[in-house]
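Fold and geometry: a report
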2 protein chains.
Amino acid sequence: MSLRHAVLGLLSEGPASGYDLMKLFDLSLSNVWPATQSQLYSELGKLADAGLVSVAAEGARGRKEYAITEEGAAELRHWITEVEPVRTMRSDMLLRVFFLAQVDPQEARAYLRRQAELVTKHLEHMESIRNFVDSGQDNLSVYGRIALEYGLRLGTVQREWAEWAEEQIR
Amino acid sequence: MSLRHAVLGLLSEGPASGYDLMKLFDLSLSNVWPATQSQLYSELGKLADAGLVSVAAEGARGRKEYAITEEGAAELRHWITEVEPVRTMRSDMLLRVFFLAQVDPQEARAYLRRQAELVTKHLEHMESIRNFVDSGQDNLSVYGRIALEYGLRLGTVQREWAEWAEEQIR
DNA sequence: CTTCGACATGTCACGATAGGAACGTCATAA
DNA sequence: TTATGACGTTCCTATCGTGACATGTCGAAG
């Protein structure tokens with residue numbers, strides 16, 4: 001049920017259409033909670049049915065601008081402070097590690113080296129984002145930077161771990 | 001499509017029944033790729049239909065022992081070495097961070113402190129697992145330890161990050 | 001001999017994810 | 001004027017994940 005709260009969270013910064021939210025997602029939340037366009041629109045519909053958001057205005061091209069309601073804001077705060085985050089980590093990359101014995105040692109090492117490289121690329125990408133959004137003073141930017149810092153630290157240990165793991169394989 | 005490869009991976013260490021796999025999952029893969037019993041059984045059925053595993057023996061209580069086939073082993077190796085891991089990270093915990101501006105600063109700090117505590121608990125749990133499985137010499141144990149090391153390092157930075165983030169909030 | 005816990009599989013329903021097709025509008029530049 | 005690209009929504013299909021429920025067998029303890 002996190003997508004619903006992601007949408008509420010974005011709307012808590014101001015009204016937006018499904019289309020707006022899609023773009024916002026792409027440049028902020030997509031790294032911590034990916035969602036597709038169809039998911040967004042259907043979620044907005046459900047949210048409106050549930051009274052957590054309302055259609056604040058209808059614009060050109062059938063545009064519907066949604067605004068968070070008081071119930072929606074309350075639900076968001078409740079979710080943030082009182083609902084325990086579910087810690088289900090799923091990693092395709094790490095799953096493979098369990099089975100590396102099924103391939104040659106040099107292939108296993110190559111796999112880990114490749115992961116280290118991919119992480120490096122991702123780190124560079126995050127660095128460039130940091131330089132880009134460093135100036136924003138809105139809530140999403142401020143806390144987005146804190147989340148980004150998480151990504152940077154995570155990437156760093158991933159790389160160190162991959163290099164360490166490669167050395168473990170003989 | 002990773003559950004299918006998780007099952008193939010476990011079967012590559014030797015034949016097992018759905019029930020066996022369930023237990024294996026719980027004590028090895030569940031931290032990187034959770035799966036429920038119903039998923040396992042239906043996946044085994046599909047795998048058998050696809051010829052990637054075969055029913056090697058039928059035992060008491062309707063037990064069906066599955067074994068990986070040559071096609072299955074080939075598919076597993078192919079997946080490990082040639083399929084790019086999808087890096088879709090989803091974090092309920094991190095998503096909330098984006099919206100911490102919606103609650104009081106002291107609540108935001110409490111949230112981060114709580115996450116640090118939860119991570120600490122999880123780290124202790126992983127340490128105890130490490131002491132427990134440190135002796136195993138089978139493939140899954142050897143590579144499981146490498147995966148566990150990942151978990152330990154990850155947990156450590158998560159905690160450091162949460163503590164750092166808490167300080168950022170004024 | 002009964003009961004209980006471990007063994008063992010299967011099914012159903014619901015919601016979440018993924019990805020794309022279909023449809024239409026508006027502004028603007030060639 | 002017309003083509004194009006950005007805007008904008010809706011619907012559809014398929015697979016995955018979650019949790020509960022139903023159904024039974026076997027061995028061992030009491």
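These numbers come from a predicted model, not from an experiment.

What counts, and at which threshold
Residues numbered from 1 in each chain as written. Chains lettered and ligands numbered in written order. Predicted model: local features only at pLDDT ≥ 70, side-chain atom pairs only at ≥ 80, totals over all residues. Heavy atoms only, no water. Near = heavy atom within 4 Å. Polar contact = N/O pair within 3.5 Å; in protein donor to acceptor, adjacent residues only side chain to side chain. Helix = DSSP H or I, 4+ residues; strand = E, 2+ residues; numbered from the N terminus. Nonpolar A, V, L, I, M, F, W, Y, C, P; charged D, E, K, R; others polar. Axes fitted to C-alpha atoms, helices over the stretch in contact; angles between N-to-C directions. Parallel < 35°, antiparallel > 145°, perpendicular 65-115°, else oblique. Left-handed = near helix turned anticlockwise from the far one by under 90°.

Here we look at the protein's contact with DNA strand C
Around DNA strand C, 20 residues are found, and the nearest of them are Met1 and Ser38 of chain A together with Tyr19, Tyr41 and Lys64 of chain B. Among atoms of DNA strand C positioned within 4 Å of the protein, sugar and phosphate together represent 68%. In the environment of DNA strand C, a phosphate oxygen lies 2.4 Å from a nitrogen or oxygen atom belonging to the side chain of Tyr41 of chain B. Note that a phosphate oxygen of DNA strand C is positioned 3.0 Å from one of the side-chain N or O atoms of Arg90 of chain B. Elements with a contribution of two residues or more to the surface near DNA strand C: α3 (37–49) of chain A together with α2 (18–27) and α3 (37–49) of chain B. At 4 residues, the largest contribution of residues to the surface near DNA strand C is made by α3 of chain A. Tallied by class, the residues present in the surface near DNA strand C amount to 5 nonpolar, 8 polar and 7 charged.

A few points about the packing of helix α6 (residues 105–133) of chain A against helix α7 (residues 139–168) of chain A
The packing of two helices is summarised by the inter-axis angle and the distance between the axes. Residue and element names in this part refer to chain A. Viewed as axis vectors pointing N to C, α6 and α7 meet at an angle of 160 degrees, and their least axial separation amounts to 9 Å. It follows that α6 is roughly antiparallel to α7 by the angle criterion. Helix-helix and strand crossings are classified by hand; for α6 and α7 the assignment is left-handed.

Some thoughts on the protein's contact with DNA strand D
Neighbouring residues of DNA strand D: 21 residues in total, closest Gln37, Tyr41 and Lys64 of chain A together with Ser38 and Gln39 of chain B. Within 4 Å of the protein, atoms of DNA strand D come from sugar and phosphate in 66% of cases. At 2.8 Å from a phosphate oxygen of DNA strand D is found a main-chain nitrogen or oxygen belonging to Tyr19 of chain A. Separating a phosphate oxygen of DNA strand D from a side-chain N or O atom of Arg90 of chain A is a distance of 3.1 Å. Every element with two or more residues in the surface near DNA strand D is listed here: α2 (18–27) and α3 of chain A together with α3 of chain B. Among the residues forming the surface near DNA strand D, the class breakdown is 4 nonpolar, 9 polar and 8 charged.

Geometric descriptors of this kind do not, in isolation, establish any biological role.
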